[in-house]
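# Geometric and topological summary
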Amino acid sequence: MKLLLVIFIVHTIFIPCFSFDVSGKDLPLTLDYYKSTCPTVFDVIKKEMECIVKEDPRNAAIIIRLHFHDCFVQGCDGSVLLDETESLKGEKSASPNINSLKGYKIIDRIKNIIESECPGVVSCADLLTISARDATILVGGPYWDVPVGRKDSKTASYALATTNLPTPDEGLVSIIAKFYYQGLSVEDMVALIGAHTIGMAQCRNFRSRIYGDFRVTTALNPVSAAYLARLQEICPEKSGEGDRNVTAMDNVTPNLFDNSIYHTLLRGEGLLSSDQAMYTSMFGIQTRRIVSKYAEDPLAFFEQFSKSMVKMGNILNSKSLVDGEVRRNCRFVNT
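About the criteria used
- Residues numbered from 1 in each chain as written.
- Predicted model: local features only at pLDDT ≥ 70, side-chain atom pairs only at ≥ 80, totals over all residues.
- Heavy atoms only, no water.
- Helix = DSSP H or I, 4+ residues; strand = E, 2+ residues; numbered from the N terminus.
- Rg over C-alpha atoms; globule rule 2.2 N^0.38 Å.
- Buried < 20%, exposed > 50% of the residue type's maximum accessible area, 1.4 Å probe, protein only.
- Contact = heavy atoms within 4.5 Å.
- Areas by Shrake-Rupley, 256 points an atom, 1.4 Å probe, with all protein chains shown as cover.
- Lys, Arg positive; Asp, Glu negative; His and termini not counted.
- Charge placed at Lys NZ, Arg CZ, Asp CG, Glu CD.
- pLDDT = per-residue confidence, 0-100.
- Phe/Tyr/Trp six-rings, centres within 6.5 Å; stacked < 30°, edge-to-face > 60°.
- Lys NZ or Arg CZ within 6 Å of the ring centre and 35° of its normal.
- UniProt positions renumbered as here; feature names shortened; annotations may be inferred.
- Disulfide = S-S within 2.5 Å.
- Expected span 1.5 Å × (residues − 1).
- Arc of directions from axis to C-beta.

## So, the overall build of the protein
Secondary structure assignment for the protein yields 15 helices and five strands. What you see for the protein is a C-alpha radius of gyration of 20 Å, in line with the 20 Å of a compact globule of 335 residues. The dimensions of the protein, computed from C-alpha atoms along their principal axes, are 60 × 50 × 35 Å. Counting the 335 residues in the protein, one finds 53% classified as buried. Partitioning the contacts of the protein with sequence separation of at least 6, the portion at a separation of at least 24 is 74%. As presented, the protein carries roughly 15,200 Å² of accessible surface, and 57% of it is formed by carbon and sulfur atoms. Of the charged side chains in the protein, 36 are positive and 39 negative; the average position of the first set lies 1 Å away from that of the second.

## What to know about the environment of M49
Mapped onto the fold, M49 is located in helix α1 (residues 41-55). A C-alpha to C-alpha distance of 8.2 Å links M49 and I110, two positions 61 residues apart in sequence. With residues near it in sequence (within four places) discarded, M49 still touches I63, I106, I110, S131, D134, A135 and L138.

## Remarks on the confidence of the model for the protein
The share of residues in the protein with pLDDT of 70 or more is 92%, and the mean pLDDT across the chain is 93. With pLDDT under 50 throughout, residues 1-14 is counted as low confidence; its partners more than four residues away or in other chains account for 27 contacts. When the criterion is pLDDT under 50, residues 21-25 qualifies, and its contacts beyond four places in sequence or with other chains add up to seven contacts.

## Things to note about the packing of aromatic side chains
Scanning all chains against the criterion turns up 14 aromatic pairs. Ring geometry for F68 against F72: centres 4.3 Å apart, planes inclined by 25 degrees, an arrangement best described as stacked. Judged by its relative accessible area of 0%, F72 falls in the buried class. Each member of the aromatic cluster is reached from another via a ring pair, and the members are W144, F257, Y262, Y294, F301, F302 and F305. Over the face of the ring belonging to Y104 we find K92, whose NZ or CZ atom lies 4.1 Å from the ring centre.

## Looking at the UniProt feature "binding site: heme b" (unreviewed entry) in the protein
Within this structure's numbering, the places UniProt gives as "binding site: heme b" (unreviewed entry) are H196. Residue placement: H196 occurs in the loop between α7 (186-193) and β4 (200-202). Taking relative accessible area as the criterion, H196 reaches 22% and is therefore assigned partly exposed. The residues contacting H196, other than those within four sequence positions of it, are M249, D250, I261, L272 and D275.

## Quick look at the state of the cysteines
The tally for this structure, following the rule as stated, stands at four disulfides. The side chain of C71 participates in a disulfide bridge whose partner is C76; the two sulfur atoms lie 2.0 Å from each other. Taking the sign of the S-S torsion, 115 degrees for the link of C71 and C76, the bridge is right-handed. This pair shows no difference in class: C71 is buried, exactly as C76 is. Across a sulfur-sulfur distance of 1.9 Å, C203 and C235 are joined as a disulfide pair. Its S-S torsion of about 65 degrees marks the bond between C203 and C235 as right-handed, since a negative value means left-handed. A residue pair is termed long-range when its members are at least 10 positions apart, and C203 in helix α8 (residues 203-210) and C235 in the loop between α10 (222-234) and β5 (246-248) qualify at 32 residues. The disulfide pattern of the protein is 1-4, 2-3, 5-8, 6-7 when the bonded cysteines are numbered in sequence order. For C51, which is in no disulfide, the shortest distance to another cysteine sulfur is to C38 and amounts to 18 Å. By relative accessible area, C51 is classed as partly exposed at 36%.

## So, the UniProt feature "binding site: Ca(2+) 2" (unreviewed entry) in the protein
Residues annotated in UniProt with the feature "binding site: Ca(2+) 2" (unreviewed entry) correspond here to T197, D250, T253 and D258. On the basis of their most widely separated C-alpha atoms, the annotated residues across 62 residues gather in one place, lying no more than 9.8 Å apart. Within the fold, T197 resides in the loop between α7 and β4. Under the relative-accessibility criterion, T197 is labelled buried at 0%. Tracing the backbone through its elements, the reader meets D250 in the loop between β5 and α11 (260-266). The exposure class assigned to D250 is buried, which follows from its relative accessible area of 0%. Not counting residues up to four positions away in its chain, the partners in contact with D250 are H196, T197, D258, S260, I261 and T264.

## Describing helix α13 (residues 285-296)
Between its first and last C-alpha, α13 extends 17 Å over twelve residues, near the 16 Å set by a 1.5 Å rise per residue. Among the residues making up α13, those that are buried are T287, I290, V291, Y294 and A295. End-on view of α13: buried residues confined to an arc of 135 degrees, all on one side of the axis. Exposed and facing more than 90 degrees away from the buried side of α13 are I285 and E296. Check the buried side of α13 and you find it contacts α6 (172-181), α7, α11, α12 (273-280) and α14 (298-313).

Written as structure tokens, this is what we have:
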């Protein structure tokens, strides 16, 4: 794979630009898929995402997470966007998504604009993939080229949404297996989880961590103890109390896409058990080395994150490629 690294300066912020060779006989996606049918699609999405992230920087993490949850369930096919109907059991109500996954209205907003310019052309799956890239850039992360040409699925899978997605308290070996199942390596996993540098977590997803081994992994550091006390104020120990209270997974630069999350793990302060396990688990020999590398070298993290996002975005639903569609409304199959 050929890599070109260029540094652009935008408003005095350095944005690494990574361009990869995405050609290949087995890859039906191309960079110029919409060149003749909807040449403004990238500009339209970029402009709207600029407004959306300006309105609330947390929207960047919301869209990246939505893309991840889409791709890990029957491929990047927009299935996560489908509402439930009498004949379709959607993914939105699956345990990893319900009451936590957001961003559907953001996608609706962008889709309406695109449909007014290029009706019936741009798939919701492509729209979400491009939006995730732009969201990353807008909070200081790297640029990468997005191959397009995905089709929207006509189905969703509640069952796969329940089983395929990693959970906050899941063991490291199990999470690695879930990434391998998607064709993603350990290096991809550690890089992609780096998106938590701009993420938020609900109390119910980190309660077991802060009332569990947090003091152990931080080696009773007094500074970490003060941080832990703040977390316990946000999240009471009793289950059911404050379950949906939220806090940033990166407590240093929560609205900036950087490598700070890896420094958090080195300090033993990872908010989610699944994140901290990458550095402190007895099974984390390889992941520990990668976490340390990204903590030391932010450009190495940015480069791998870009590669891994392209790789994840290329997880396709083979059935949708054959009989998929371009939904007019991302929430419903065309009738």
